[in-house]
Amino acid sequence: MKELQFFGIGGALNHNFASNCAALINKHSFVIIDPNAQCIEKLIKNEILSEQTTEIIIIITHTHADHISGLGALIWQCGIIYKKIPVILANSKKFKQHIEKLLTMMGIDKKYYTFSQKNNITFNNINIQARKTIHTPDLECFGIEFQDAKGKYYYSGDTKELEYIKTIGNNDDYKDVYVEVSNYPKSHLDYEIVKNLTGAKKFIAMHFESLQLYEQVKKEKLLKLPKEFD
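Being a predicted model, the structure only gives us computed values, none of them experimental.

## A short note on the sheet that holds strand S7 (residues 120–123)
The strands making up a sheet associate through hydrogen bonds between their backbones, and the pairing can be parallel or antiparallel. Spatial strand order, S7-S8-S9-S10-S11-S12: six strands in an open sheet with mixed pairing. Both outer strands of the open sheet, S7 and strand S12 (203–206), are each paired with one neighbouring strand and no more. On average, each strand axis in the sheet is tilted by 20° relative to the strand beside it, whichever way the strands run. Note: S7 against strand S8 (residues 126–133), four bridges, orientation antiparallel. What sits directly across from Thr122, in S8, is Asn127. Those strands touched by helix H4 (residues 162–169) are S8, strand S9 (141–148), strand S10 (151–155), strand S11 (174–180) and S12, and its axis lies near 155° from that of S11.

Written out as structure tokens, the structure is:
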């Protein structure tokens, strides 16, 4: 699988970076995870979203404001300007209902989007599936599993589920693990623990809550940094 490209690597209150948002791009089609408000301009500027776009998949890990800040506007842009209907990964029946209600409150008509039929979808010979994780008790939250012929890849979303990260860190089937890091681990993963886990060399850090944490990760070089989109 190609390396995910990021339109933002920041946490909710980090104004040094745009909020965390990643994409898997294949010519005239793309998967976008947690679309932020800044991603639309870059998608259009780089002709990823254009008249030639053939497939758009949207994945939402959870509905905290920083993770869905560009959701409604992206769907409008796809449907009204480019006449493209994105598919939203239906992580669960309950989650689908929440997203539907949220979009209705934003004024987004149902004709502008659709949901996948199942909790998995295929993109460019990559199977993509949502996996329930633990972040905050008031929301359904998901990590994202990718699998292709070369192996497995995981995108943690926001989570405090350290044991699963430990498990896949020890599993050679997983080639890359995109993992959020924090210095405030009440509902996130503690960077000081994550960096010492077995398999940390395949961890790609994201969702930085501060510029200081980003600089620390960059300096220590124990985890990889994500590839940011120009």
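Right, picking up where we left off after that structure.
## Details of the pairing of strand S3 (residues 29–33)
Strand residues, when the strand is regular, have side chains that alternate between the two faces of the sheet. With respect to burial, S3 is a largely interior element, five of its five residues being buried. Burial of S3 is two-sided: the residues Ser29, Val31 and Ile33 facing one way and the residues Phe30 and Ile32 facing the other way are all buried. Bridging between strand S2 (residues 21–26) and S3 involves five bridges; their strand directions are antiparallel. Bridging across to S3, Asn26 finds its partner in Ser29. Between S2 and S3, which pair antiparallel one after the other, the connecting turn spans two residues, and Lys27 there sits at a positive phi close to 55°. Here S3 pairs with strand S4 (residues 55–59) via five bridges, running parallel. Opposite Ile32, over in S4, you have Ile58 as the bridge partner. The β-α-β motif built from S3, the intervening helix H1 (residues 39–45) and the parallel element S4 has right-handed crossover chirality.

Thresholds applied
- Residues numbered from 1 in each chain as written.
- Predicted model: local features only at pLDDT ≥ 70, side-chain atom pairs only at ≥ 80, totals over all residues.
- Heavy atoms only, no water.
- Pairing = 2+ DSSP bridges.
- Helix = DSSP H or I, 4+ residues; strand = E, 2+ residues; numbered from the N terminus.
- Axes fitted to C-alpha atoms, helices over the stretch in contact; angles between N-to-C directions.
- Contact = heavy atoms within 4.5 Å.
- Buried < 20%, exposed > 50% of the residue type's maximum accessible area, 1.4 Å probe, protein only.
- Right-handed = clockwise from strand over helix to strand, strands pointing away.

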